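The chain contents come next:
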Amino acid sequence: MKNKLIKYRLPKLYFLVDCKKEFWFIKNKYRDAQKLIGKKKFSNIINFNIPETYSDNHKQMVKNISLHLKNQQHNILYNLLKQKNIYQKKWRLFEKNFFNQMEVITGLTWKNKTYALYFLYSCFWGGDYDENGNIIYVNPLLKQGDPLYVIFHELSHILFWEYIYDNYSKKFISQNHFWLWKLSEIMVNYPLSKLTINYKFPLIIPPNIKNADNIIRKFSTMSFCDIINKELKKRRG
């Protein structure tokens, strides 16, 4: 029996809106977000979006935001579904070229056939992702920033972490997690800056990440994986 050639299919991104996911996100993502963003900035972000809601008591903060969500659930759901229809159409214009060019630029293959995007009101810092999974989270209701860019950005993060989890041990990842997160915030720009999909990508690096310029200068001379491996070699000594 002759071997049949299996045609490789690029991934597909599915757009979702789910009220239950909002409450899950608050309970499961806020602690880590505060650690990475920093307590002061995180509290400012929360209070800016829902005044006087942040609390040093995590359970109380979750309770405060959950109550707000329940009270505003109808309006939030309506607005999220409206944005879902808008950005799903915009995304489809870029989807195939994005997934394809990301592979060519990085030399990697997307690990999953499908990825899920949850539009969430409660992601007040704009975007987030499941580090070792296939889910991203975007708040399309924020006045600042372009949700379409955030989708590109978070998917680029996913590809970075897929490489990390495929090539480095869980112990190494755990021991160097904060440092790896900082590297991901730099390297997310590598493929985005090289994409040719009729979208202008800004170079975005959080202000609390220092000495990023040395790595950025390597973008034009080194491959995506070589930069990562070289930086991680420094951690191993």
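Attention in this report is confined to the structure presented alongside it. Bear in mind that the values here come from a model prediction, so they are computed numbers and not experimental data.

### Brief notes about the pattern of salt bridges
One pass over the full model with this rule turns up seven salt bridges. We note a salt bridge from Asp166 to Lys111, for which the minimum N-O separation is 3.1 Å. Note that Asp166 is positioned in helix H6 (residues 147-167) and Lys111 in the loop between helix H5 (95-106) and strand S2 (114-119), a separation of 55 residues in sequence. A single salt-bridge network, built from bridges that share partners, covers Lys12, Arg92 and Glu95.

### Topic: helix H4 (residues 73-92)
With 20 residues, H4 ought to run about 28 Å at 1.5 Å a step, and its terminal C-alpha atoms sit 28 Å apart, in line with that. Restricting attention to buried positions, one finds in H4 the residues Ile76, Leu80, Gln83, Lys84, Tyr87 and Trp91. Mapping the buried residues of H4 onto a view down its axis gives an arc of 130°, with all of them on the same face. Relative to its buried face, H4 has exposed residues pointing more than 90 degrees away, namely His74, Tyr78 and Lys89. Buried residues in H4 make contact with strand S1 (12-16), helix H1 (19-37), helix H3 (58-71), H5, S2 and H6.

### Digging into the packing of H6 against helix H8 (residues 177-187)
It is the contact of H6 with H8, at a shortest axis distance of 10 Å, that shows an interaxial angle of 130°. Here H8 runs oblique to H6, going by the angle between their axes. Regarding H6 and H8, the two cross each other, and that crossing is right-handed. Along its contact with H6, which presents His153, His157, Phe160, Trp161 and Ile164, the element H8 presents His177, Leu180, Trp181, Leu183, Ser184, Glu185 and Met187. Taken together, the residues that form the contact of H6 with H8 break down as seven nonpolar, four polar and one charged.

### Let's talk about the packing of aromatic side chains
Evaluated as defined, the whole model comprises 33 aromatic pairs. Centroid distance Phe25 to Tyr137: 5.2 Å. Interplanar angle 55°. Geometry classified as tilted. One end of the pair, Phe25, is in helix H1; the other, Tyr137, is in strand S4 (residues 135-138), with 112 residues separating them in the sequence. Geometrically, the ring pair formed by Phe152 and Phe201 is edge-to-face, given 5.1 Å between the ring centres and 70° between the ring planes. Residue Phe152 is located in helix H6, and its partner Phe201 is located in the loop between helix H9 (189-194) and helix H10 (213-216); the two are separated by 49 residues in the primary sequence. Both residues of the pair, Phe152 and Phe201, count as buried. By way of ring pairs, the aromatic residues Trp91, Phe94, Phe98, Phe99, Trp110, Tyr115, Tyr149, Phe152, Tyr199 and Phe201 are connected into one cluster. Between Lys21 and the ring centre of Trp24, over which it is positioned, the NZ or CZ distance is 4.1 Å. Taking NZ or CZ as reference, Lys21 lies 5.0 Å from the ring centre of Tyr118, over its face.

### Here's the deal with the nonpolar core
Within the largest apolar cluster, 79 residues are counted, with the highest numbers of intra-cluster contacts made by Tyr30, Trp91, Phe98, Phe152, Leu155, Ile164 and Met187. Broken down by element, the residue count for this core peaks at twelve residues, all from H6. Not counting residues up to four positions away in its chain, the partners in contact with Trp91 are Leu13, Phe15, Phe98, Phe99, Leu148, Ile151, Phe152 and Leu155.

### A short note on the side chain of Ser156
Counting through the fold element by element, Ser156 comes out in helix H6. In this structure, Ser156 is in contact with Met102, Val188, Pro191 and Leu192, ignoring residues within four places of it in sequence.

What counts, and where the lines are drawn
Residues numbered from 1 in each chain as written. Predicted model: local features only at pLDDT ≥ 70, side-chain atom pairs only at ≥ 80, totals over all residues. Heavy atoms only, no water. Salt bridge = Lys/Arg side-chain N within 4 Å of Asp/Glu carboxyl O. Helix = DSSP H or I, 4+ residues; strand = E, 2+ residues; numbered from the N terminus. Expected span 1.5 Å × (residues − 1). Buried < 20%, exposed > 50% of the residue type's maximum accessible area, 1.4 Å probe, protein only. Arc of directions from axis to C-beta. Contact = heavy atoms within 4.5 Å. Axes fitted to C-alpha atoms, helices over the stretch in contact; angles between N-to-C directions. Parallel < 35°, antiparallel > 145°, perpendicular 65-115°, else oblique. Left-handed = near helix turned anticlockwise from the far one by under 90°. Nonpolar A, V, L, I, M, F, W, Y, C, P; charged D, E, K, R; others polar. Phe/Tyr/Trp six-rings, centres within 6.5 Å; stacked < 30°, edge-to-face > 60°. Lys NZ or Arg CZ within 6 Å of the ring centre and 35° of its normal. Core = buried A, V, L, I, M, F, W, Y, C linked by side-chain atoms within 4.5 Å.

So yeah, pure geometry; function would need other evidence.
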